[in-house]
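Each chain is listed here by its residues.
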Amino acid sequence: MLVGGAALIGFALWSAYVVLTVSHLRADVEQRVRWLSQLQTTQARLLAGDAPASVLAAAGPTLSTLTAHPDAATATAAVAARQALAAGEPQAGARVAEVAGALRRSLRDLSVRLGSFWSALYVTVGGALAFGALALALLATVLRRNEDLRLTRTALADEVGARAAVARRSASEQAELEAILGSLRDGVIAVDATGAVRHLNRAAARLIDQSIEGARGRPLAAVLDVRGPSGPPPLDLATLRGRLHLDVDADLRVGERDVTLTAAPTDEGAVVVLRDVTSERARREAVANTARLASVGAIAAGVAHEINDPLAYVTTNLGFARRALDQRPLADGALDEVAVALTEAAVGVERAASIVRDLRVVALPAPDQRAPLAVAAVVERSLRMAAASVRQRATVERAFAPAPPVLGTEAGLGQAVLNLVLNAAKALPAEGGRVRISVGTTPEGEAIVEVQDDGCGMPPEVQQRIFEPFFTTRPQGEGHGLGLAITRRVIEQMGGRIEVHSTPGVGTRMRLILPPATESARVTPLPRAETPSSRRRVLVVDDEPALGRALRRSLRDHHEVEVAGGVDEAERLVAAQHFDVIVCDLLMPGRDGVELFEALIARDARWRTRFLFMTGGTVAARTEAFRLEMPRAFIDKPFTPAALLTAINDRLGDRDADA
């Protein structure tokens, strides 16, 4: 009897335990089904295009509850989804789907446990049939189990449908993204975490001259050949993820195209954007040339006046010398007066030649090659160019102190100084003003050029805009607004900076501060060759007969001289006779000096050190590049007989050293 009672009590306790556990598990199932329903609603809203921030307001409580869920995978996914929604990330929908997937897996595990207890409940029901009230309760629970399973199946079906919708939307967005990238004019290259190309658009494929499939999967450095003045830029993943930006001033090229390069990090690696700026660079150079020519135009009248003065007494002195020498017999002291007149004429010619050289430096585009510059000499040349324009309005004061050489181009620095001087003069009243130009060294060892005027000055709102291209306060037709913009670009390219101090009604002071050239780049004069001890054979090639005769007369006391009137005649003479050096005009009608040079070195490479070119200025890119390649082989017109003889002796020295 006692055993039966104990068994009955045990059976009742077991039945109560099974019923309570099933009830608890069922409540868990219902809760998780509700969570799944809310997550499906969130996914649907994201797929419909709702903003993640607005969706977060509704889904936030559910996600916050799930972050504390005992299932670690569900809690981790809920934290990531909440952060993605708060940050408005495009992957927020995928993060919500991950939470739903984790919750679905935990629901399956819970269903397995519930099924186990249902089995136990079946056994309990079988044993409890003798207990009427308990049997009816268990039967009702069994019936409700079927409803629970139905709810679970419905939730799982909804989950599968939502995941399929997300997959379709993702495929659609991928196709749309590829269409957008394909329509861009800029090249876009995406790299993965290993630095290999993951994707590139058609514009990038055209720039690097490779197929999309051929480039994909290869290291970025192997498919992107970027060149710069100081070598290729770093393309390692760490540099790219550091938001690299190399603009048009970096002078990068891919193939034959000028480009800019921008890189930024992504979740998987980095993205590189290449922009073809070949046309933009050409436009910038055209703007720079326009500004340069505008300055030249502003001083053209003054330069004409400066040249006409020496030409006037050159013409007068030469006319006097000719009339004096025509007299027979010569009057007493006539030869002395002729000598003085010819000396003064030579001085006038040199003065006019100096003005032309100064004008050429400002008017011609600056070559790409930089060199150490003596700052005071460049400033003095700019002042000579501006003298006629400035002295009509102001007194010019100079204060030159020692300054270190700076690295740059003479045309660039000269243009910058000229712009500041002309601007200072235009800020002055009609007359009675003062412009002070000083050169010196800062306490930090930098070179400084200061241009100060006592003109009208500038208010703060004007000072803020003076370096903007095309900004000007002058009446239309009196200024292009390019001078100061070009000046700042030139100085920044030299590694320097501009400081502006201006007070309305008092004046303006502008400072150019430039870093010194390195010790290894100091200016050293070219060595002068000694005059050869024996006479040499010199061929002069020039299409101007008068110049040919003059050069023969000038050189015949030192060397044996032949004259050719063109390239064809020169080739015949070279084929028939021996010459130690050829003095050749660079630009001539028909075939020019470069063609003669190329024809002769094709036969004998030793002619490379036996040419001296005469030039009044290289006007084409081909001849300018040729001059930059052989700087010691050129002499600028006009030149003195002594300068020509020294240049010939230099080339003879090069020839002897090369023999």
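Residues numbered from 1 in each chain as written. Predicted model: local features only at pLDDT ≥ 70, side-chain atom pairs only at ≥ 80, totals over all residues. Heavy atoms only, no water.

Engineer: Help me out: how do you make sense of the overall build of the protein chain in this one?
Structural biologist: The number of helices and strands found in the protein chain is 20 helices and 19 strands. Of all 659 residues assigned to the protein chain, the portion counted as buried reaches 40%. About 34500 Å² of surface is accessible on the protein chain, with carbon and sulfur atoms providing 57% of the total. (Helix = DSSP H or I, 4+ residues; strand = E, 2+ residues; numbered from the N terminus. Buried < 20%, exposed > 50% of the residue type's maximum accessible area, 1.4 Å probe, protein only. Areas by Shrake-Rupley, 256 points an atom, 1.4 Å probe, with all protein chains shown as cover.)

Engineer: Which parts of the structure should I look at to understand the sheet that holds strand S12 (residues 447–453)?
Structural biologist: Judged by pairing direction, the sheet is mixed, and its five strands sit side by side in the order S9-S11-S12-S14-S13 without closing on themselves. This sheet does not close on itself; its edge strands, each paired only once, are strand S9 (394–400) and strand S13 (497–503). Across the sheet, the mean angle from the axis of one strand to that of its neighbour is 10 degrees, orientation sign disregarded. Here S13 runs beside strand S14 (residues 507–514); their pairing, made up of seven bridges, is antiparallel. Along S14, the bridge assignment pairs Val500 with Met510. (Pairing = 2+ DSSP bridges. Axes fitted to C-alpha atoms, helices over the stretch in contact; angles between N-to-C directions.)

Engineer: What exactly am I supposed to notice about the sheet that holds strand S18 (residues 611–615) here?
Structural biologist: Strand order in this open sheet of five strands is S16-S15-S17-S18-S19, and the pairing throughout is parallel. Where the open sheet ends on each side, the last strands, each with one partner, are strand S16 (560–564) and strand S19 (634–636). Strand-to-strand twist in this sheet, taken as the mean axis angle between neighbours without regard to direction, amounts to 20 degrees. In this structure, strand S15 (residues 537–541) lies alongside strand S17 (residues 581–585), joined through four bridges in parallel fashion. In the sheet register, Val540 faces S17, and the bridge partner there is Val583. Together, S15, S17 and S18 form the strand contacts of helix H18 (residues 593–603), whose direction differs from that of S18 by roughly 170 degrees. (Contact = heavy atoms within 4.5 Å.)

Engineer: Teacher, can you tell me more about the pairing of S14 here?
Structural biologist: The two faces of the sheet receive side chains in turn, since in a regular strand these alternate between them. Counting buried positions along S14 gives six out of eight residues, so the element sits mostly inside the fold. The pairing of S12 with S14 spans seven bridges and is antiparallel. In the strand pairing of S14, Ala447 is matched with Leu514. Between the antiparallel neighbours S13 and S14 lie three residues, among them Gly505 with a positive phi of about 80 degrees.

Engineer: Mind showing me how you'd approach the environment of Val248 here?
Structural biologist: With respect to the helices, strands and loops of the structure, Val248 is situated in the loop between strand S4 (245–246) and strand S5 (252–254). Take Val248: its relative accessible area is 9%, and that puts it in the buried class. As a C-alpha pair, Val248 and Asp276 span 28 residues in sequence and 9.6 Å in three-dimensional space.

Engineer: Please explain a positive patch on the surface as it appears in this structure.
Structural biologist: A cluster of basic residues, Arg549, Arg552, Arg553 and Arg556, forms a positive patch at the surface. Tracing the chain through its elements places Arg556 in the loop between helix H16 (545–555) and S16. Its relative accessible area of 48% is what places Arg556 among the partly exposed residues. (Patch = residues over 30% accessible without salt bridge, like charges linked within 9 Å, V, L, I, M, F, W, Y side chains within 5 Å. Salt bridge = Lys/Arg side-chain N within 4 Å of Asp/Glu carboxyl O. Lys, Arg positive; Asp, Glu negative; His and termini not counted. Charge placed at Lys NZ, Arg CZ, Asp CG, Glu CD.)

Engineer: Would you take a moment to explain helix H2 (residues 52–66) for this structure?
Structural biologist: Here H2 contains 15 residues, and its C-alpha end-to-end distance of 18 Å is more than 12% below the 21 Å for a straight helix at 1.5 Å per residue. Along H2, the largest kink reaches about 60 degrees and is centred on Ala59; proline Pro61 follows within four residues of it. Buried residues of H2: Pro52, Val55, Leu56, Ala59, Gly60, Thr62, Leu63 and Leu66, and no others. (Expected span 1.5 Å × (residues − 1). Bend = angle between axes of the 7 residues up to and from the residue.)

Engineer: Honestly, the confidence of the model for the protein chain in this entry has me stumped. Any pointers?
Structural biologist: Reading predicted coordinates in detail is not appropriate for stretches of low pLDDT. Here the protein chain averages 76 in pLDDT, while 71% of its residues score no lower than 70. Segment residues 520–533: pLDDT under 50, and 16 contacts once partners within four positions in sequence are set aside and those in other chains are kept. (pLDDT = per-residue confidence, 0-100.)

Engineer: Looking at this structure, how should I read the packing of aromatic side chains?
Structural biologist: Given two aromatic rings, one states the distance between the centres and the angle between the planes to describe the pair. Taken as a whole, this structure holds five aromatic pairs when the rule is applied. Look at Phe597 and Phe611: their rings are 5.3 Å apart centre to centre, the planes differ by 90 degrees, and that puts the pair in the edge-to-face class. With Phe597 in helix H18 and Phe611 in strand S18, this pair connects stretches of sequence that are 14 residues apart. Grouping residues by exposure puts Phe597 and Phe611 together as buried. An angle of 25 degrees between the planes, with centres 5.3 Å apart, marks the rings of Phe611 and Phe613 as stacked. An aromatic cluster is present here, built from Phe597, Trp607, Phe611, Phe613 and Phe634 joined pairwise through their rings. (Phe/Tyr/Trp six-rings, centres within 6.5 Å; stacked < 30°, edge-to-face > 60°.)

Engineer: Just to check I follow, could you spell out the nonpolar core for this structure?
Structural biologist: Here is a general trend for soluble globular proteins: nonpolar side chains tend to be buried in one another's company. Counting residues in each nonpolar core, the largest one holds 38 residues, and the members touching the most others are Val379, Val406, Leu413, Val421 and Leu512. Among the elements of the structure, helix H12 (375–390), helix H13 (410–426), strand S11 (433–441), S12, helix H15 (483–493) and S14 are those that each provide at least two residues to this core. Sort the elements by how many residues they give to this core and H13 lands first, with nine residues. Beyond its immediate stretch of four places on either side in the chain, Leu413 contacts Leu373, Val378, Val406, Val490, Ile491, Met494 and Leu514. (Core = buried A, V, L, I, M, F, W, Y, C linked by side-chain atoms within 4.5 Å.)

Engineer: Sorry, what's going on with the packing of H2 against helix H3 (residues 72–87) here?
Structural biologist: Two numbers describe a pair of packed helices, the interaxial angle and the distance between the axes. Orientation of H2 relative to H3, taken along the N-to-C sense of each, is 160 degrees, at an axis distance of 9 Å. In terms of axis orientation, H2 runs roughly antiparallel to H3. Note that H2 runs across H3; the crossing there is left-handed. The segment H2 lies against H3, with Pro52, Ala53, Val55, Leu56, Gly60, Leu63, Ser64 and Leu66 engaging Thr74, Ala75, Ala78, Ala81, Arg82, Leu85 and Ala86. By residue class, the composition of the contact of H2 with H3 is eleven nonpolar, three polar and one charged. (Parallel < 35°, antiparallel > 145°, perpendicular 65-115°, else oblique. Left-handed = near helix turned anticlockwise from the far one by under 90°. Nonpolar A, V, L, I, M, F, W, Y, C, P; charged D, E, K, R; others polar.)

Engineer: Got a minute to help me understand the environment of Gln463 in this structure?
Structural biologist: Here Gln463 is to be found in helix H14 (residues 460–463). Expressed as a C-alpha distance, the spacing of Gln463 and Ser502, which sit 39 residues apart in the sequence, is 7.8 Å.

Engineer: How should H13 be read in this particular structure?
Structural biologist: Look at H13: 24 Å from first C-alpha to last across 17 residues, which is about the 24 Å you get at 1.5 Å a residue. Counting buried positions along H13 yields 14 of 17 residues, so the element is predominantly enclosed.

Engineer: Sorry, what's going on with the packing of helix H17 (residues 567–576) against H18 here?
Structural biologist: Where H17 contacts H18, the axes come no closer than 10 Å and their chain directions differ by 25 degrees. For the element pair H17 / H18, the angle class is roughly parallel. Here the hand of the crossing between H17 and H18 comes out right-handed. Counted together, Val567, Ala570, Glu571 and Val574 of H17 and Leu596, Ala599, Leu600 and Arg603 of H18 form the full contact between these two elements.

Engineer: Explanation requested: the pattern of salt bridges in the structure shown.
Structural biologist: A pair can form between side chains of opposite charge whenever their charged atoms are brought close. Scanning the model with the defined rule gives 20 salt bridges in all. Glu213 is the partner of Arg216 in a salt bridge, and the nearest nitrogen-oxygen pair spans 3.0 Å. Lys637 is the partner of Asp542 in a salt bridge, and the nearest nitrogen-oxygen pair spans 3.7 Å. A residue pair is termed long-range when its members are at least 10 positions apart, and Asp542 in the loop between S15 and H16 and Lys637 in the loop between S19 and helix H20 (641–658) qualify at 95 residues. Residue Lys637 is classed as partly exposed on the basis of its relative accessible area of 24%. Here the salt bridges share partners, and the residues they tie into one network are Glu446, Glu450, Arg497, Glu499, Arg509 and Arg511.

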